[in-house]
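Read off the chains here:
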Amino acid sequence: MKKLLFSTCIALLCFACSEDSVSYLEGISGKSGSITRFAIYQDYMYLLNLNEVQTYDIKQKEHPVLVHQMPTDYGLETITVYDGTVFLGSTTSLYILDISNPAAPVIQSQSDRISDIGFSGCDPVAVKGNYAYSTIKVIENACGTISAASALVVYDIHDKSAPVVVGTYALNIPNGLGYKDNYLFVCDEGSDELLVYDITDPTHVVLTAYAVSITDPYDLIVDGQKMIVSSKTDFQIFDISDITQIKRLGQISK
Amino acid sequence: MIHKLIYVFVSCMALCASCTKTEREFYDGQGKKPVYLPLSELHDVKNEPPTPIGLSGTLFLRDTLLFILEQRKGIHVFNIKDSLNTLNLAFFKIPAITDFVISGNLLYADSWKDLVIIDISNLHQIQVTDRIVDVISPVLYPPLFNGIYECVDESKGAVINWEDALLEDAKCVTIN
């Protein structure tokens, strides 16, 4: 009996370990929100400076080596990798980088938002299939007044060397974004809502009535049937298995 | 870009002013000044007891572990397996951090001008495996702020905050 008790204790101990530090082993990948300056692709890590993309070889994970530096215009803000292509959001442009040689990214295109659509601003990019979705936030103009020129912009990226704007949708103060299936979630700080768009037809994106009220939402991560949304005051976890009824499961307070 | 240009412009004017000995008024009034962390303290990367989260940033989800960046301070780690009862597991102190990513058991973070590589196989005993110095160009002006500010003096350390201050002869100004 004592032996049994002892081995149960050992088993429990191991369980406790695995819950915690051993629960993520080499090879299990994770994901960032949409607002970040770091990205991993295969054996490489990309890091954004204000006007430069750095590439690190991380084959020796503990000791990365800076192998490539690519200059860009000032204003790089976010990076995401989708289907072997890098997308950068900057204050003025959407960059698409060819990483067929991941050790040395090459600029495939740079869409100037100001000349294309009359907006300048920042913010992240989410990519699905042949379309890229980017929020653009302009809080203040030079006169210090609130500008209405914030938007969700949809790019057709069939030709990655020449993306075409196929839609712009007005927003208040948008931040991070992400999607599940044919639904795009956008954190809109200005309206204090997590907006939900139907992107079944990317050229005709439709705002749905499934929005969730969140004070000052900042960024999100979609993970299967769950979604985590960060805000200025907390982190909320949602069940998104039924988009028409997004349920709040729990939260982490600040 | 604009900030840099103006900084350069003002610096040039300062230079010209000193060369020609013409008197030049700089900016006086309410503005922002940098809060510095001595560079020696950047190396103080370690576990600390879990704390409430301040100004947050980048999120990273690994299985049921949610890593949350706290600006300039470090990374909070939560187990969110049970959404109703999330567990605050650990805090990694990483001075001057603004962003990070995780691959395998390694965490890559910026820390002022350095890239720091940290082994997190044991969440309660993290270890720095490497530090690549002077590769990151930190932002040297107060974010989301229009007005005058005290220019950053990098010899004083890493900027970890900006505080309101009554400035005299401030040489820097942001225009968004």
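Residues numbered from 1 in each chain as written. Chains lettered and ligands numbered in written order. Predicted model: local features only at pLDDT ≥ 70, side-chain atom pairs only at ≥ 80, totals over all residues.

Describe in detail the overall build of chain A, supporting the description with residues and values.
Secondary structure summary: chain A contains two helices and 22 strands in total. Within chain A, the proportion of its 254 residues that are buried is 38%. Taking all contacts inside chain A whose residues are at least 6 apart in sequence as the whole, residues at least 24 apart take part in 38%. (Helix = DSSP H or I, 4+ residues; strand = E, 2+ residues; numbered from the N terminus. Buried ≥ 20, exposed ≤ 12 C-beta atoms within 10 Å, placed from the backbone. Contact = placed C-beta atoms within 7 Å.)

Give me the lowdown on the interface of chain A and chain B, citing residues and values where you can.
Note on interface size: it is often stated as the accessible area lost on association of the parts. The interface of chain A with chain B comprises 42 residues on the first partner and 44 residues on the second. Counted by class, the side of chain A that touches chain B contains 19 nonpolar, 13 polar and ten charged residues. Bridge count for strand β1 (residues 31-32) of chain A against strand β3 (residues 56-62) of chain B is two bridges, and the pairing is antiparallel. In the strand pairing of β3(B), A:Ser32 is matched with B:Phe60. (Nonpolar A, V, L, I, M, F, W, Y, C, P; charged D, E, K, R; others polar. Pairing = 2+ DSSP bridges.)

Kindly report on the pairing of strand β9 (residues 114-119) of chain B, identifying the contributing residues and their values.
Residue and element names in this part refer to chain B. Of all six residues in β9, five are buried; the element is thus mostly enclosed. Looking at chain direction, strand β8 (residues 106-111) and β9 are connected through six bridges and run antiparallel. Of the residues in β9, the one forming a bridge with Leu-107 is Ile-118. Note: β9 against strand β10 (residues 127-132), five bridges, orientation antiparallel. Within β10, the position partnered with Ile-118 by the bridge is Val-128.

Quick one: what's the story with the environment of A:Lys247, residue by residue and with numbers?
Residues and elements named next belong to chain A. With respect to the secondary-structure elements, Lys-247 resides in strand β22 (residues 247-253). Overall, Lys-247 belongs to the exposed group, with 12 C-beta atoms counted inside 10 Å. Placed 47 residues apart in sequence, Lys-247 and Thr-200 show a C-alpha to C-alpha distance of 22 Å. When sequence neighbours within four positions are dropped, the list of residues in contact with Lys-247 reads Phe-238 and Asp-239.

Lay out the environment of A:Thr36 in plain terms, naming residues and giving numbers.
Relative to the helices and strands, A:Thr36 resides in the loop between β1 and β2 (38-41). Residue A:Thr36 is classed as buried on the basis of its C-beta count, with 23 C-beta atoms lying within 10 Å. In this structure the C-alpha to C-alpha distance between A:Thr36 and A:Asp123, which are 87 residues apart in sequence, comes to 9.8 Å. The residues touching A:Thr36, leaving out its near neighbours within four places in the chain, are A:Thr78, A:Ile79, B:Thr58, B:Asp99 and B:Val101.

Give me the lowdown on the sheet that holds strand β4 (residues 65-70) of chain B, citing residues and values where you can.
The strand order β1(A)-β3(B)-β4(B)-β5(B)-β6(B)-β2(B) describes an open sheet built from six strands, whose pairing is antiparallel. In this open sheet, the two edge strands, each paired with only one partner strand, are β1 of chain A together with β2 (46-48) of chain B. Where β4(B) meets strand β5 (residues 74-79) of chain B, six bridges bridge the pair, whose relative direction is antiparallel. The partner of B:Glu70 across the bridge, within β5(B), is B:Gly74.

Help me get a handle on unusual backbone geometry, residues and values and all.
Residues and elements named next belong to chain B. At Trp-112, a residue that is not glycine, the phi angle is positive and equals roughly 60°. Inspection of the secondary structure assignment puts Trp-112 in the loop between β8 and β9. The phi dihedral of Asp-134 falls on the positive side, at around 65°, and the residue is not glycine. Checked against the element boundaries, Asp-134 lands in the loop between β10 and β11 (147-149). C-beta crowding within 10 Å serves as the criterion here: with 9 such atoms nearby, Asp-134 is assigned to the exposed category.

I'd love a proper account of the pairing of strand β6 (residues 76-82) of chain A, names of residues and values included.
Residue and element names in this part refer to chain A. Here six bridges tie β6 to strand β7 (residues 85-90), and the two strands are oriented antiparallel to one another. Residue pairing for β7: Thr-78 is matched across the bridge by Gly-89. Count of turn residues in the β6/β7 antiparallel hairpin: two residues, of which Asp-83 carries a positive phi of about 50°.

So what's going on with the sheet that holds strand β9 (residues 106-112) of chain A? Residues and values would help.
All names here are of chain A. Spatial ordering of the open sheet is given by β6-β7-β8-β9, a layout of four strands whose pairing is antiparallel. Either end of the sheet is taken by a strand with one partner, and the two such strands are β6 and β9. Each strand of the sheet is rotated relative to its neighbour by a mean of 20°, with strand direction disregarded. Note: strand β8 (residues 93-98) against β9, six bridges, orientation antiparallel. (Axes fitted to C-alpha atoms, helices over the stretch in contact; angles between N-to-C directions.)

How would you summarise the nonpolar core if you had to cite specific residues and measurements?
One finds A:Met45, A:Ile228 and B:Tyr108 to be the most contacted residues of the largest nonpolar core, which totals 95 residues. For this core, the two domains that each supply at least three residues are domain 1 (2-38 + 138-174) and domain 2 (46-93 + 97-131) of chain B. Each residue touching B:Tyr108, except ones within four places of it in the same chain, is listed here: A:Phe38, A:Met45, B:Phe100, B:Val101, B:Leu115 and B:Ile117. Of all hydrophobic cores here, the second largest spans six residues; its members include B:Tyr141, B:Ile148, B:Ala170 and B:Cys172. (Core = buried A, V, L, I, M, F, W, Y, C linked by C-beta atoms within 7 Å. Domains from an automatic or database assignment.)

With reference to specific residues and values, describe the confidence of the model for chain B.
All names here are of chain B. When pLDDT is averaged across chain B, the result is 87; 85% of the residues are at 70 or more. Note on residues 1-24: pLDDT is under 50 here. Beyond four places in sequence and across chains, it has 15 contacts. Interface confidence for the predicted complex, expressed as ipTM, amounts to 0.86; the pTM equals 0.86. (pLDDT = per-residue confidence, 0-100.)

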